[in-house]
Amino acid sequence: MTVKRRNGDEVSYDPRRLQGVTLYREAERAFSKGDRVQFTAPDRDRHIANRELGTIEKINAGGNLQIRLDSGRAVAFNIRDNPHLDHGYAVTSHSSQGQTADRVLVHVDTGQAGEKLVNQRLAYVAISRGRYDAQIYTNDMSQLVEGLARDVSHRSAMEPSRESASLAHKIEPPSARSQAQEHTQAEGHTNTR
């Protein structure tokens, strides 16, 4: 990938070899007092997390903003110092993790979302954000039901699968087998395997 800097210099990157590189596209946004906004990059100096939401309380022509974060904390800065701000009226289910809203509207276009996005995890993350109400809008109810039935959760390496758990009781170490055989023979029972 080649990036052209503001001064005209071009720099080439191989994304497979780099870590901590973030790409974004500049876009002009018009903000007003009362707008819901979302930070699209973390601001460590102001202790603002990526995708944190807030409401603009003050704004002036010079780009100075005061935002009341949903956590209740107020932050003030100039938009030139932190240009990673977007409208926050609608957010993805991914960026809404850990957040709660009174009402949630979930739009799932089964034709565009694909198998990897429409699954039980999507349903849990998107629907569980709503405190009082959650509504789902879709273009195809039958495909949505089929997709939400998909379980994409990952098992821990320590968690046995159902198949291996059912075989586990049949496998015993040699010393345990011989002890079991000796015990059943002592009681007068035969044990054939």
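No experiment lies behind these values; they were computed from the predicted model shown.

1. A look at helix α2 (residues 120-127)
Among the residues of α2, Leu122, Val125 and Ala126 are the ones counted as buried. Looking straight down α2, one finds that the buried residues subtend no more than 90° of arc, so they occupy a single side. Looking at the buried positions of α2, the neighbouring elements they touch are β8 (101-108) and α3 (141-148). Of the residues flanking the start of α2, the one acting as N-cap is Asn119, its side-chain oxygen 3.0 Å from the backbone nitrogen of Arg121.

2. Observations concerning the nonpolar core
Formed by Phe31, Val37, Phe39, Ile48, Ile56, Leu65, Ile67, Leu69, Val75, Phe77 and Leu85, the largest nonpolar core amounts to 11 residues. Counting residues per element, the ones that place at least two in this core are β3 (36-39), β5 (64-69) and β6 (74-78). For this core, the leading source of residues is β5, giving 3 residues. If near-sequence neighbours (up to four positions away) are discounted, Ile67 is found in contact with Val37, Phe39, Gly54, Thr55, Ile56, Glu57, Arg73, Ala74, Val75, Phe77 and Leu85. If you look at the next biggest cluster of nonpolar residues, it comprises 7 residues, including Val104, Val106, Val118 and Leu122.

3. Brief notes about the layout of surface pockets
Taken as a whole, the largest pocket holds about 1,100 Å³ of empty space. Along its surface, the largest pocket is lined by 38 residues, and Val91, Thr92, Ser93, His94 and Ser96 are the ones closest to its centre. For the lining of the largest pocket, the secondary-structure elements that each account for two or more residues are β8, α1 (110-113) and α2. Here the lining of the largest pocket gets 7 residues from one element, more than from any other, and that element is β8. Broken down by class, the residue content of the lining of the largest pocket amounts to 15 nonpolar, 14 polar and 9 charged.

4. Regarding the sheet that holds β3
Sheet strands line up and pair through hydrogen bonds in the backbone, either parallel or antiparallel. Here we have 5 strands laid out as an open sheet, ordered β6-β5-β4-β3-β7, and antiparallel in their pairing. Across the chains shown, the open sheet's two edge strands, defined by having one partner strand only, are β6 and β7 (85-87). The sheet shows a mean angle of 40° between the axes of neighbouring strands, direction not considered. Bridge count for β3 against strand β4 (residues 53-59) is 3 bridges, and the pairing is antiparallel. When the sheet's bridge partners are listed, Gln38 is paired in β4 with Leu53.

5. Topic: the pattern of salt bridges
Evaluation of the coordinates by the stated rule reveals 5 salt bridges. Between Arg29 and Asp86 there is a salt bridge, with its nearest N and O atoms 2.6 Å apart. Linking Arg29 in the loop between β2 (10-12) and β3 with Asp86 in strand β7, this pair joins segments that are 57 residues apart in sequence. Among the salt bridges present, the one from Arg131 reaches Asp102, with a minimum N-O distance of 2.5 Å. Of this pair, Arg131 sits in strand β9 (residues 130-138) while Asp102 sits in strand β8, and the two are 29 residues apart along the sequence. Of the residues examined, Arg131 reaches a relative accessible area of 47% and is grouped as partly exposed. The exposure class of Asp102 is partly exposed, given its relative accessible area of 34%.

6. What about the confidence of the model for the protein chain?
Here the protein chain shows a mean pLDDT of 78. Residues at 70 or above account for 76%. Ignoring residues within four places in sequence, the model shows residues 163-174, a span with pLDDT below 50, making 3 contacts including any to other chains. pLDDT under 50 marks residues 176-193. Its contacts with residues more than four places away, or in other chains, come to 6 contacts.

Conventions used here
- Residues numbered from 1 in each chain as written.
- Predicted model: local features only at pLDDT ≥ 70, side-chain atom pairs only at ≥ 80, totals over all residues.
- Heavy atoms only, no water.
- Buried < 20%, exposed > 50% of the residue type's maximum accessible area, 1.4 Å probe, protein only.
- Helix = DSSP H or I, 4+ residues; strand = E, 2+ residues; numbered from the N terminus.
- Arc of directions from axis to C-beta.
- Contact = heavy atoms within 4.5 Å.
- Polar contact = N/O pair within 3.5 Å; in protein donor to acceptor, adjacent residues only side chain to side chain.
- Core = buried A, V, L, I, M, F, W, Y, C linked by side-chain atoms within 4.5 Å.
- 1 Å grid on protein atoms, 1.4 Å probe; cavity = no way out; pocket = protein on both sides within 12 Å on 5 of 7 lines; lining within 4 Å.
- Points joined across faces, edges and corners; volume = space filled by probe spheres on them.
- Nonpolar A, V, L, I, M, F, W, Y, C, P; charged D, E, K, R; others polar.
- Pairing = 2+ DSSP bridges.
- Axes fitted to C-alpha atoms, helices over the stretch in contact; angles between N-to-C directions.
- Salt bridge = Lys/Arg side-chain N within 4 Å of Asp/Glu carboxyl O.
- pLDDT = per-residue confidence, 0-100.

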